[in-house]
Amino acid sequence: MNNQQNMETKLEGKIALVTGGTKGIGKAIADRLGQSGANVIVTARNHPGNTDLQHHFIATDLTQPKQVSKFVNGINEKFGGIDILVNNIGGLTSPGGGFSTLTDEHWENELQFNLLAAIRLDRELLPKMLEQKSGVIIHISTTSAMQPLWDVNMAYAVSKAALNSYSKALATEVGSKGVRVLTVSPGPVKTPMMVEFLQGYAKTSGITFEEASQNLMNKIGGIPMERMAEPEEIAELVNFLVSPAASYLTGANYVIDGGAFPVV
Ligand SMILES: NC(=O)c1ccc[n+]([C@@H]2O[C@H](COP(=O)([O-])OP(=O)(O)OC[C@H]3O[C@@H](n4cnc5c(N)ncnc54)[C@H](OP(=O)(O)O)[C@@H]3O)[C@@H](O)[C@H]2O)c1
């Protein structure tokens, strides 16, 4: 990489908000954007506990509509708006087993967590980006949106598929106004959520943790690279996408899955 390109991935002077930035993929993204020079705000329901946290932390539950306006007002007052928004919170909250096990409440929870939290936050933070005619919004999705497993993650996959569609529509709406909107779709990533899921799966199936990991990879048709991603690998892609080096990229969905997705 030559010096000029190197400069273009720097984020000095930018204010970035990473939702769920205290663990897993969100933490890796927050740390990476901080290394690039961004002033990073992270949000989660609970403080991570470490006193050496390098980022501004604000506690909020983004699935609760009433908390979001207060949260955004606080950000606008303290930082005067943001330049980079990474909508990272989400995950599988409903049981497996297919359509008959999923109640309205399961569906509503998945939609709040994986779709509506991002829509709500974008709606609150976009006006300032449009005013300043610049900004980048990332939606963290999943390859499950394109490859749903009916017996494992039906409602999660459906809610992320809706997020993909919304992200594309929003990118088209604001493309001429200086704001870029992108989707990043990881395959399995070694995060606290994934470890918890595999531990539960191993316990209920009477198998080891390693066997549970292998079964998950087999279920999606195998991963050519024969391993899950590390959170830092997802963060590296996001760091590039939010940087000036990616200035012509918007409206696209970037799959990052070790080659697992089986079609071109
Ligand atoms: N791990 C994977 O294999 C994988 C694969 C594809 C896509 N993804 C996607 O990647 C994203 C991150 O997943 P992850 O595995 O890194 O998750 P994770 O390890 O469970 O971390 C989730 C983060 O979100 C915060 N959070 C959870 N609920 C929240 C809420 N209601 N309001 C505000 N913050 C909340 C958590 O902190 P608190 O608990 O303190 O709130 C934590 O900081 C998700 O969108 C997921 O769907 C993950």
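Residues numbered from 1 in each chain as written. Predicted model: local features only at pLDDT ≥ 70, side-chain atom pairs only at ≥ 80, totals over all residues. Heavy atoms only, no water.

## Re the domain arrangement of the chain
As far as domains go, the chain holds domain 1 (3-189 + 229-256) and domain 2 (190-228). Placing the centre of domain 1 and that of domain 2 at their C-alpha centroids yields a distance of 24 Å. Counting the surface lost from both domain 1 and domain 2, the interface buries some 1,200 Å², and carbon and sulfur atoms represent 63% of this. The largest contributions to the domain 1 side of the interface with domain 2 come from Leu149, Pro188 and Val189, which together make up 38% of the buried area. Along the contact surface separating domain 1 from domain 2 lie three salt bridges. Linking glutamate 233 and arginine 227 is a salt bridge whose minimum nitrogen-to-oxygen distance equals 2.8 Å. There are six residue pairs in polar contact (both at pLDDT 80 or more) connecting domain 1 and domain 2. At the level of secondary structure, the elements contributing two or more residues to the side of domain 1 that touches domain 2 comprise α2 (24-35), α5 (150-174) and α8 (231-241). Taken together, the residues of the side of domain 1 that touches domain 2 sort by class into eight nonpolar, four polar and four charged. (Domains from an automatic or database assignment. Buried area = accessible area lost by both parts, 1.4 Å probe. Salt bridge = Lys/Arg side-chain N within 4 Å of Asp/Glu carboxyl O. Polar contact = N/O pair within 3.5 Å; in protein donor to acceptor, adjacent residues only side chain to side chain. Helix = DSSP H or I, 4+ residues; strand = E, 2+ residues; numbered from the N terminus. Nonpolar A, V, L, I, M, F, W, Y, C, P; charged D, E, K, R; others polar.)

## Some words on the nonpolar core
Core analysis: the biggest nonpolar cluster contains 27 residues, and Leu17, Ile82, Leu85 and Leu121 have the highest contact counts within it. For this core, the secondary-structure elements that each account for two or more residues are β1 (15-19), α3 (65-79), α4 (104-132), α5 and β6 (179-186). In terms of residue count, α4 provides more of this core than any other element does, eight residues in total. Leaving out residues up to four positions away in the same chain, isoleucine 82 has contacts with Ile15, Leu17, Ile41, Ile75, Leu125, Met129 and Gln132. Among the nonpolar cores identified, the runner-up in size contains 26 residues, and Val18, Ala28, Leu33 and Leu241 belong to it. (Core = buried A, V, L, I, M, F, W, Y, C linked by side-chain atoms within 4.5 Å. Buried < 20%, exposed > 50% of the residue type's maximum accessible area, 1.4 Å probe, protein only. Contact = heavy atoms within 4.5 Å.)

## Some words on the site of the ligand
The environment of the ligand is formed by 30 residues, the closest being Thr22, Asp61, Tyr156, Val189 and Thr191. Between the ligand and asparagine 88, the relevant distance is 2.7 Å, taken from an oxygen atom to a main-chain nitrogen or oxygen of the residue. At 2.7 Å from an oxygen atom of the ligand is found a side-chain nitrogen or oxygen belonging to tyrosine 156. Residue assignment for the shell around the ligand shows that the elements contributing at least two residues are α2, α5 and α6 (192-205). For the shell around the ligand, the element with the most residues is α6, which contributes three residues. (Near = heavy atom within 4 Å.)

## Some remarks on the pairing of strand β4 (residues 84-87)
Covered by surrounding structure in β4 are Ile84 and Val86 together with Leu85 and Asn87, the residues of both alternating faces. Strand direction decides the pairing type here: β1 and β4, joined by three bridges, are parallel. By the bridge assignment for β4, valine 18 is matched with valine 86. The pairing of β4 with strand β5 (residues 135-140) spans four bridges and is classified as parallel. Across the sheet, valine 86 pairs through a bridge with isoleucine 138, a residue of β5. Read as a crossover between parallel neighbours, the route from β4 over α4 to β5 is right-handed. (Pairing = 2+ DSSP bridges. Right-handed = clockwise from strand over helix to strand, strands pointing away.)

## Examining the sheet that holds β1
Across the sheet, which stays open at both edges, the seven strands sit in the order β3-β2-β1-β4-β5-β6-β7 with parallel pairing between neighbours. The open sheet is flanked by β3 (56-59) and β7 (253-256), the only strands paired with a single partner. Taken over all neighbouring pairs, the strand axes of this sheet differ in orientation by 20° on average, direction set aside. Alignment of β5 against β6, held across six bridges, turns out to be parallel. In the strand pairing of β6, isoleucine 137 is matched with valine 181. Packed on one face of the sheet, α4 meets β1, β4, β5 and β6 and runs near 175° to β4. In the packing of α5 onto the sheet, contacts are made with β5, β6 and β7, and the angle to β6 comes to roughly 160°. (Axes fitted to C-alpha atoms, helices over the stretch in contact; angles between N-to-C directions.)

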